[in-house]
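Each chain, written out:
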Amino acid sequence: MASIRRVSSSSEGFSEDLWRTVWEVSNKVLEDMNKERKKEKMKGFLQCAEVKEMCRFAGEVGIRGDLLRELRFKWAREKMEEHEFYEGLERLRKEGQIEETENEGREGEGEEIDVVEKKPKAVELPKRRGKIKYRIYGLDLSDPKWEQVADRIHEAGQVLWPQEPKPITGKCKLVTEKILLLKEEDDNLSTLLAEWVELLQPSRVDWINLLDMLKKQNPPLYFKVRRWFDIDYCIAFLVFNSTGIFKDEFSMIFVASNFLLFYVPMPFIQLRNYLFENTDDVRMAFPFSAFANCRNFHVAEMVLAEDSFQTNISDYSRLIDVHAKENHFDDTERILKKMNEKGILPDASTASALVHMYSKGGNLERAKEAFEVLSSQGFQPDIKVFTSMIMAYVNSGEPRMAENLMSKMEAIDIKPTKEIYLALLQSYSQRGDVSGAGRISTRMQFAGFQQSLETCTLLIEAHARAGEPEQARNNFDYMIKFGHKPDDRCTASMIAAYEKKNLLDKALNLLSELEKDGFEPGVATYSVFVDWLAKMQLVDEVEQLLNKIALLGEAPPFRVQVSLCDMYARAGMEKKALQTLGVLEARKDELGPDDFDRIIKGLIGGGFQQDAQRMCGIMEAQGFTASEELKSAIRSGRFLSMR
């Protein structure tokens, strides 16, 4: 190096920029050669027995794919560093032995050894003419395209060789020590963190380094700051804890920490989605109640707004996912607004979380918008997204739209689950849509799901609500022939079908036949008879049935109170009528428009005009509109016939 400087200064024919270029190219080539040598050594350590054994163990505990690859590279690099360390020690030992041997030789001979300094050879280079062209391994690296290749290699290298945190010195070190010595109840944490950010200008790895120091020196504050800032760590701990594949907490934390050391956004999303699909409850044993605090969420949002945190779409997606699981609609909307302000469009993971949240919350329009985002991005929704969207249609009273969406599932080879079929069948059944219920039942059988007691009961309920007792009885007989023994709910549905046409004899004959076969009526069957006999004003028979329900040790359904209020009011039994009316008023939120209509008509028929007017006001306060006929009956006090 010294000779080159002397030659360059003594040779007037060489330009300074030529020597500078040669120096830069030489350093670059040397650096590339060192990298290539390290990569070749890495290949050997990737195949060593210890690394293979650790990878085998990781595979046994459930780690797969990109995460296993990252851990394998980490373990191989650690093995290589350990090998280089011992090689360095061995080299130093050999050099010491050589020096000792030389010293002993000098002492034995007693001769002075003159050290002759060799004069460096002067190397002259020609003057630069045009661009410098250089080749490595036969490749012309002077082509500009290799700059792009080098940039891509550098970006890929950042995954294998994580960025080191900045050194903390001077005033920043003092501020860091103050943060580490803070108590959990202190309120100046945000002020110190702001000063720390201003002094250090941290990147994402610096934030994680601060959390690691807090974990070692101040665990209580560590968990507080961690809950505030590090969304990735919270989600990772949540995911690994939810799998249930780890028998103890130590192994779970070990794997999660190694995973986060090589954090890559897309593999993490894939791993999280895979684990969520194979887990019933992703919140077991995690102290999520502390993270659900609104103030903590807001601080996390503040950190996401920090440029030093290097926020990306994955960070927003994770925070939205956490809010969505807790049904924080306002917080989710606020984060979406911030994303839009920054020009960040929701990705597939965000849209999936929004579909789940809006479907659970009953907001069909917003769920449809989030579902369309998935389609517009060319992303194929998975079975969970389809299920959430179908349930949103079902809960909104649109089973036909849900059935169309189920057909789209089948068109892209996604098999609907039995729960989806049952939800659609129940929706059609509740609306008395016999054709829709029959269609879903047929599709279930073609999909490989055999007729069960549940499906047969829903078909019977559909015919009962449609006023088709004969068709309901055909399904009832087919169910028994198929080998299913009718339960209390199924029998109650069949009795309700006869009630629609007032076929009391057939209902009693059916009940007697079933009792001969060992059937014992339950609360559901007795409740249907209570409603039926209450309409016929058979007070004594109704009270006998109520006594039978009491002997079963169960309370009658709430809807029975509507029938009793109507019956007692029409029978002029004021005390019992007002008593049941008080029960209904206390649970007015559970009453529907048909229930209010029957109660008011019963009160008018029994001459309880003031109570009828009060119930009409409660009905309107609940958001239901009374018919003009009902209002006219209240004003005039005329008796309205139930028939």
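The paragraphs below set out a description of the structure included in this document. (Residues numbered from 1 in each chain as written. Predicted model: local features only at pLDDT ≥ 70, side-chain atom pairs only at ≥ 80, totals over all residues. Heavy atoms only, no water.)

## A word on the overall build of the chain
- Looking only at helices and strands, the chain features 33 helices and 2 strands.
- Surface summary for the chain: the accessible area is close to 37,400 Å², and the carbon and sulfur share equals 52%. (Helix = DSSP H or I, 4+ residues; strand = E, 2+ residues; numbered from the N terminus. Areas by Shrake-Rupley, 256 points an atom, 1.4 Å probe, with all protein chains shown as cover.)

## Section: the packing of aromatic side chains
- In the structure shown here, the tally under the stated rule is 6 aromatic pairs.
- With 5.8 Å between their ring centres and 65° between their planes, Phe371 and Phe386 make a pair best called edge-to-face. Of the two residues, Phe371 is situated in helix H18 (residues 364-376) and Phe386 in helix H19 (residues 383-395); the sequence distance between them amounts to 15 residues. Both residues of the pair, Phe371 and Phe386, belong to the buried class.
- The aromatic ring of Phe449 is capped on one face by Lys415, whose charged end is 5.2 Å from the ring centroid. (Phe/Tyr/Trp six-rings, centres within 6.5 Å; stacked < 30°, edge-to-face > 60°. Buried < 20%, exposed > 50% of the residue type's maximum accessible area, 1.4 Å probe, protein only. Lys NZ or Arg CZ within 6 Å of the ring centre and 35° of its normal.)

## Thoughts on the environment of Ser563
- Along the chain, the position of Ser563 falls in helix H29 (residues 559-570).
- Among all residues touching Ser563, those that are not within four sequence positions of it are Asp531, Ala534 and Arg598. (Contact = heavy atoms within 4.5 Å.)

## Quick notes on a negative patch on the surface
- Together, Glu95, Glu99, Glu100 and Glu104 make up a negatively charged patch on the protein surface.
- Among the secondary structure elements, Glu100 is positioned in helix H4 (residues 65-109). (Patch = residues over 30% accessible without salt bridge, like charges linked within 9 Å, V, L, I, M, F, W, Y side chains within 5 Å. Salt bridge = Lys/Arg side-chain N within 4 Å of Asp/Glu carboxyl O. Lys, Arg positive; Asp, Glu negative; His and termini not counted. Charge placed at Lys NZ, Arg CZ, Asp CG, Glu CD.)

## Examining helix H7 (residues 189-200)
- With 12 residues, H7 ought to run about 16 Å at 1.5 Å a step, and its terminal C-alpha atoms sit 16 Å apart, in line with that.
- Turning to H7, its buried residues number three or more, namely Leu189, Leu192, Leu193, Trp196, Val197 and Leu200. On an axial view of H7, the arc spanned by its buried residues comes to 140°, and they lie on one face. The exposed set on the far side of H7, more than 90 degrees from its buried face, consists of Thr191 and Glu198. (Expected span 1.5 Å × (residues − 1). Arc of directions from axis to C-beta.)

## Points about a nonpolar patch on the surface
- On the surface, Phe85, Tyr86, Leu89 and Leu92 cluster together into a nonpolar patch covering about 450 Å² of accessible area.
- Among the structural elements, Leu89 can be located in helix H4.
- Judged by relative accessible area, Leu89 falls into the partly exposed class, the value being 40%.

## Points about the packing of helix H31 (residues 593-605) against helix H32 (residues 609-621)
- Running from N to C, H31 and H32 point in directions that differ by 165°, and their axes come no closer than 8 Å. Put simply, H31 runs roughly antiparallel to H32. Seen from above, H31 lies across H32 with left-handed handedness. Mapping the contact onto sequence places Pro593, Phe596, Ile599, Ile600, Leu603 and Ile604 in H31 and Gln609, Asp611, Ala612, Met615, Cys616, Ile618 and Met619 in H32.
- Within the contact of H31 with H32, the residues separate by chemical class into 11 nonpolar, 1 polar and 1 charged. (Axes fitted to C-alpha atoms, helices over the stretch in contact; angles between N-to-C directions. Parallel < 35°, antiparallel > 145°, perpendicular 65-115°, else oblique. Left-handed = near helix turned anticlockwise from the far one by under 90°. Nonpolar A, V, L, I, M, F, W, Y, C, P; charged D, E, K, R; others polar.)

## A few points about the packing of helix H23 (residues 453-465) against helix H24 (residues 469-481)
- With their axes 8 Å apart at the nearest point, H23 and H24 run at an angle of 165° to one another. The pairing of H23 with H24 is recorded here as roughly antiparallel in orientation. Both H23 and H24 take part in a crossing whose hand is left-handed. Residues Leu453, Cys456, Leu459, Ile460 and His463 of H23 form the contact with H24, whose participating residues are Gln471, Ala472, Asn475, Phe476 and Met479.
- When the residues that make up the contact of H23 with H24 are grouped by side-chain class, the tally is 7 nonpolar, 3 polar and no charged.

## Things to note about the side chain of Ser429
- Topologically, Ser429 is positioned in helix H21 (residues 418-430).
- Since its relative accessible area comes to 0%, Ser429 is described here as buried.
- Reaching out from Ser429, the side chain makes a polar contact with the backbone nitrogen of Ala462 at a distance of 3.3 Å.
- When neighbours within four sequence positions are excluded, Ser429 is seen to be in contact with Leu458, Glu461, Ala462 and Arg465. (Polar contact = N/O pair within 3.5 Å; in protein donor to acceptor, adjacent residues only side chain to side chain.)

## Section: H21
- A rise of 1.5 Å per residue sets the reference length of H21, with its 13 residues, at 18 Å; its end C-alpha atoms lie 18 Å apart and thus fit the reference within 8%.
- Residues of H21 that are buried include every one of Ile420, Tyr421, Leu422, Ala423, Leu424, Leu425, Ser427, Tyr428 and Ser429, and no others.
- Residues of H21 that are buried sit in contact with H19, helix H20 (399-411), helix H22 (434-446) and H23.
- Two residues or fewer past H21, Gly432 is found with a positive phi of approximately 70°.

## Overview of the nonpolar core
- Core analysis: the largest hydrophobic core is formed by 56 residues, its most contacted members being Phe476, Met494, Ile599, Ile600, Leu603 and Met615.
- Ranked by residue count, the leading element in this core is helix H27 (residues 523-535), at 8 residues.
- Beyond its immediate chain neighbours, meaning those up to four positions away, Phe476 contacts Ile460, Pro486, Cys490, Thr491, Met494, Leu510 and Leu514.
- Residues Ile320, Tyr358, Tyr428 and Leu458 belong to the second largest nonpolar core, which totals 44 residues. (Core = buried A, V, L, I, M, F, W, Y, C linked by side-chain atoms within 4.5 Å.)

## Observations regarding the side chain of Arg443
- Here Arg443 is to be found in helix H22.
- Reaching out from Arg443, the side chain makes a polar contact with the side chain of Glu403 at a distance of 3.3 Å.
- Other than its neighbours up to four places away in sequence, Arg443 contacts Glu403, Met406, Ser407, Glu410 and Tyr421.

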